[in-house]
Amino acid sequence: MALSADTLAGLRDELGDCHRCPLGDTRTTLVFGHGNPHARVMLVGEAPGRNEDLTGQPFVGAAGKLLDELLGHGGLVREDVYIANILKCRPPGNRDPKRVEVETCTPFLMAQIHLVDPELVVTLGNFATRLMLDTREGITALRGQITLVQGRSVYPVFHPAASIYDRAKRETLISDFARVPEILDSLKGGDAG
Ligand code: SF4
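Criteria and cut-off values
Residues numbered from 1 in each chain as written. Predicted model: local features only at pLDDT ≥ 70, side-chain atom pairs only at ≥ 80, totals over all residues. Heavy atoms only, no water. Core = buried A, V, L, I, M, F, W, Y, C linked by side-chain atoms within 4.5 Å. Buried < 20%, exposed > 50% of the residue type's maximum accessible area, 1.4 Å probe, protein only. Helix = DSSP H or I, 4+ residues; strand = E, 2+ residues; numbered from the N terminus. Contact = heavy atoms within 4.5 Å. Near = heavy atom within 4 Å. Nonpolar A, V, L, I, M, F, W, Y, C, P; charged D, E, K, R; others polar. Salt bridge = Lys/Arg side-chain N within 4 Å of Asp/Glu carboxyl O. Phe/Tyr/Trp six-rings, centres within 6.5 Å; stacked < 30°, edge-to-face > 60°. Lys NZ or Arg CZ within 6 Å of the ring centre and 35° of its normal. Pairing = 2+ DSSP bridges. Axes fitted to C-alpha atoms, helices over the stretch in contact; angles between N-to-C directions. Arc of directions from axis to C-beta. Expected span 1.5 Å × (residues − 1).

J.: I'd like a rundown of the nonpolar core, residues and numbers included.
T.: Judged by nonpolar contacts, the single largest core of 30 residues is most densely connected at M42, V44, Y82, I86, L87, L109 and I113. Of all the elements in the fold, those that place two or more residues in this core are helix 1 (8-15), strand 2 (41-45), strand 3 (81-85), helix 5 (99-116) and helix 6 (125-133). In terms of residues, this core owes the most to one element, helix 5, which gives 7 residues. In contact with L87, not counting residues within four places along its chain, are L23, E46, A47, P48, P97, E101, V102 and C105. By size, the runner-up hydrophobic cluster in this structure holds 24 residues, among which are L66, L67, V122 and L184.

In structure tokens:
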């Protein structure tokens with residue numbers, strides 16, 4: 001799919017009332033993405049959940065509250081970062097994304113990354129990590145490691161939603177987010193990778 005938009009607003013227009021995959025028929029609200037269009041840090045999640053589907057905003061409700069707390073550990077607030085999911089529409093019952101859905105929607109995420117042009121892409125959980133690193137390896141093995149992908153640093157962490165009731169994962173997430181300032185400093189110096 002060739003996308004021609006050269007701004008996030010133009011890309012949102014191009015997405016339109018999307019029905020390119022079957023999730024267009026079951027969603028309530030399309031969740032495009034949100035945040036600083038020139039963010040140094042972009043967060044990539046999997047798909048909207050129930051609250052996101054109702055509000056049109058990424059990461060609201062309990063997972064959103066935890067995300068705000070995590071950003072705070074990294075010296076950041078929502079307005080500093082850009083947040084988008086692989087899928088812009090909620091899979092029914094929060095089931096895993098299907099391959100056709102991921103393949104159809106991914107060009108929009110890639111265009112968002114291109115337009116925001118962040119230095120650091122934080123992938124939240126298995127799906128985003130596997131997509132961005134083009135691997136079948138799981139998040140438990142990959143979390144906390146930085147990989148350069150086409151000149152951009154990708155930093156996988158657990159998904160906040162999977163960590164709400166898992167104390168150990170939550171503490172790991174906190175320490176991974178607390179490393180973000182140090183990672184950004186090292187990127188400025190050009191010595192991360
Ligand atoms: S998930 Fe993506 S491709 Fe599918 S309908 Fe929604 S916006 Fe379109």
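J.: Give a detailed account of the site of the ligand, specifying residues and quantitative values.
T.: Taken together, L15, C18, C21, G24, R27, L30, K88, C89, T104 and C105 make up the full set of residues near the ligand. Of the residues in the shell around the ligand, the class split is 6 nonpolar, 2 polar and 2 charged.

J.: Which residues make up the pattern of salt bridges, and what values go with them?
T.: Within this structure, the stated rule accounts for 9 salt bridges. R95 is the partner of E101 in a salt bridge, and the nearest nitrogen-oxygen pair spans 2.7 Å. A salt bridge links E171 to R167; the nearest nitrogen and oxygen atoms lie 3.6 Å apart. Separated by 4 residues within a single helix, E171 and R167 lie in helix 8 (residues 167-178), roughly one turn from each other. E171 gets classed as partly exposed once you look at its relative accessible area, which sits at 47%.

J.: Mind laying out the packing of aromatic side chains, listing which residues take part and the relevant values?
T.: For the coordinates displayed, the defined rule picks out 0 aromatic pairs. The lysine or arginine in question, K169, covers the ring of F158, its NZ or CZ lying 5.3 Å from the ring centre.

J.: Tell me about the sheet that holds strand 1 (residues 34-35), residues and numbers included.
T.: If you trace the 6 strands from one edge of the open sheet to the other, you get 1-3-2-4-6-5, paired in mixed fashion. Either end of the sheet is taken by a strand with one partner, and the two such strands are strand 1 and strand 5 (147-149). Relative to strand 3, strand 1 runs antiparallel, the two sharing 2 bridges. Residue H34 lies in a different strand from strand 3, and its bridge partner there is I83. Running over the sheet, helix 8 touches strand 4 (120-124) and strand 6 (152-157) and is turned about 160° from strand 6.

J.: Give me the lowdown on helix 1, citing residues and values where you can.
T.: Those residues of helix 1 that fall on the buried side of the exposure criterion are L8, L11 and L15. Here the buried residues of helix 1 occupy an arc of 55° about the axis, which is enough to place them on one side. For helix 1, exposure combined with an orientation more than 90 degrees from the buried face picks out A9 and D13. Tucked into the core, helix 1 has its buried residues touching strand 3 and helix 5. Backbone geometry just downstream of helix 1 places G16 in the positive-phi region, at approximately 55°.

J.: Which residues make up the pairing of strand 3, and what are the values?
T.: Taken across its 5 residues, strand 3 has 5 buried, putting it largely inside the fold. Here strand 3 shows no split at all, with V81, I83 and N85 on one side and Y82 and A84 on the other all buried.

J.: So what's going on with helix 4 (residues 61-73)? Residues and values would help.
T.: Compared with an ideal rise of 1.5 Å per residue, which puts 13 residues at 18 Å, helix 4 spans 19 Å between its outermost C-alpha atoms and is within 8% of the ideal. Here helix 4 has its buried residues at A63, G64, L66, L67, L70 and L71. Around the axis of helix 4, the buried residues are gathered within 160° of arc, so they sit on the same side. As for helix 4, its buried residues are in contact with strand 2, strand 3 and helix 8. G75 occupies a position one or two residues after helix 4 and carries a positive phi of about 70°.

J.: Describe the environment of S175, naming the residues involved and giving the relevant values.
T.: Among the structural elements, S175 can be located in helix 8. Taking the relative accessible area as the measure of exposure, S175 reaches 38% and is therefore partly exposed. Each C-alpha atom of the pair S175 and L70 lies 8.9 Å from the other, and the pair is 105 residues apart in sequence.

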